[in-house]
Amino acid sequence: MYRGIAFIPARSGSKRLQDKNVKLLDGHPLLAYSINAAKKSGAFERVICATDSVAYAETARRYGAEVPALRPSSISDDTSTDIQWVDFMLREIQKSQALFDFFSILRPTSPFRSEKSIIEATELLLANKWADSVRAVEKCDEHPGKMWVIKNQLMMPLLPFEIDGVPWHSNQTSKLPEIYKQNASLEVAWVKTAMEQKSISGTKIIPFVTHEYEGFDINTHLDWLVAEKLLEAGLVKLPQVSC
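Below: a short report on this structure. The residue count restarts for each chain, going from 1 along the sequence in the order it is written. The predicted origin of the model limits local features to residues at a pLDDT of at least 70 and limits the giving and counting of side-chain atom pairs to 80 or more, whereas totals for whole chains, interfaces and linings rest on all residues. Note that the side-chain values use all heavy atoms of the structure and ignore hydrogens as well as water.

### Describing the overall build of the chain
In step 1: To qualify as a helix, a DSSP run of H or I must reach at least 4 residues; to qualify as a strand, a run of E must reach at least 2; elements of each kind are numbered from the N terminus. Scanning the chain from terminus to terminus reveals six helices and 12 strands.
In step 2: For the radius of gyration, the atoms used are the C-alpha atoms, and the globule rule reads 2.2 Å times the number of residues raised to 0.38. Computed over C-alpha atoms, the radius of gyration of the chain comes to 19 Å, within 12% of the 18 Å expected from 2.2 N^0.38 for 243 residues, which places it in the range of a compact globule.
In step 3: For the C-alpha atoms alone, the extent of the chain along its principal axes is close to 60 × 45 × 35 Å.
In step 4: Taken across its 243 residues, the chain has 49% of its residues classed as buried.
In step 5: Contacts are assigned to residue pairs that have any heavy atoms within 4.5 Å of one another. Within the chain, contacts between residues separated by at least 24 positions form 74% of all contacts whose residues are at least 6 apart in sequence.
In step 6: The protein chains shown are the only cover counted for residues, whose accessible areas, like all others here, come from Shrake-Rupley with a 1.4 Å probe. Of the roughly 12,800 Å² that the chain leaves accessible, carbon and sulfur atoms contribute 52%.
In step 7: When the 29 basic and 30 acidic side-chain charges of the chain are each reduced to a single mean position, those positions are 2 Å apart. Burial classes: relative accessible area under 20% of the type maximum marks a residue as buried, over 50% as exposed, and values in between as partly exposed (1.4 Å probe, protein chains only). Charged residues are defined here as Lys and Arg on the positive side and Asp and Glu on the negative side; His and the ends of the chain fall outside this count. Taken as the charge location is NZ of Lys, CZ of Arg, CG of Asp or CD of Glu.

Here it is in structure tokens:
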């Protein structure tokens, strides 16, 4: 029986959208939806909010998450990497002799991620023990094969590949290979990946393809307005929240 833990990262001090992690969306703070989705999925023994803020910690606890320790400010600014706080939280948890096999990162900025996806992504990792992690991706809306960089007044293709001698940028998009971009909705990895490789994903990464708005990420005022409009139009659903 594998033991899992969910991390809800909620750093304070966001600049583009101030206090986004506790900003109210449909009556509840953003982080509440990830906490409740994690708990209702049944995939984890514990759901932990990784925050540097006492106020955020109080909010997280009110919605059912644990906060065993606050993240140090030194690993909580806008240049800090995920592995820094993941390593810190795992070591804090291990101090109480609590050992887990895998962890998931469920970011508050992806409130439309479903419980079903959390379960499926977790099961995907457990069924493929050779992998280091599972990461959410979605198909690119705009193909990078049609993108350019400009240097010294000249432009060159971002991806200098060809099909039968024809550059990607001169091919029909339908002929180009499908390309996926990562989104922030979920990651699931073995604890040993973080502890031994010092990485939240490792090198053997299985894709978990999300669809529609599950990968929608709220980081700006425009993102917030779009999220509200999606809710008003009934195009998305939020996890039910109990407090």
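### Some details on the layout of surface pockets
Once rolled over the atoms, a probe with the size of a water molecule shows which space is left empty.
In step 1: Definitions used for this entry: grid spacing 1 Å over protein atoms alone; cavity, a set of points where a 1.4 Å probe fits but cannot get out; pocket, an open set with protein on both sides within 12 Å along at least 5 of 7 lines; lining residue, one with an atom within 4 Å of a point. Grid points are joined across faces, edges and corners, and a volume is the space filled by probe spheres set on the points. One number sums up the size of the largest pocket: a volume of about 640 Å³.
In step 2: Lining the largest pocket we find 26 residues, and of these R11, K20, D82, R107 and N219 sit closest to its centre.
In step 3: Secondary-structure elements contributing two or more residues to the lining of the largest pocket are α3 (82-94) and β11 (180-190).
In step 4: Counting residues per element, the lining of the largest pocket draws most heavily on β11, at four residues.
In step 5: Broken down by class, the residue content of the lining of the largest pocket amounts to six nonpolar, eight polar and 12 charged.
In step 6: What the second largest pocket holds in volume is close to 260 Å³.
In step 7: Forming the boundary of the second largest pocket are F112, R113, S114, E115, H211, E212, Y213, E214, L235, V236, K237 and P239.
In step 8: Classification convention: Asp, Glu, Lys, Arg as charged; Ala, Val, Leu, Ile, Met, Phe, Trp, Tyr, Cys, Pro as nonpolar; all other residues, Gly among them, as polar. Classifying every residue of the lining of the second largest pocket by side-chain character gives five nonpolar, two polar and five charged.

### Examining the pairing of strand β1 (residues 4-9)
In step 1: Within β1, six of the six residues are buried, which leaves the element mostly enclosed by the surrounding structure.
In step 2: Of the two faces of β1, the one holding G4, A6 and I8 and the one holding I5, F7 and P9 are both buried throughout.
In step 3: Strand pairing requires that DSSP identify at least two bridges connecting the strands. Sheet topology note: the β1/strand β5 (residues 102-105) ladder contains four bridges and is parallel. When the sheet's bridge partners are listed, G4 is paired in β5 with F102.
In step 4: In terms of strand pairing, β1 meets strand β4 (residues 46-50) through five bridges, oriented parallel. In the sheet register, A6 faces β4, and the bridge partner there is V47.

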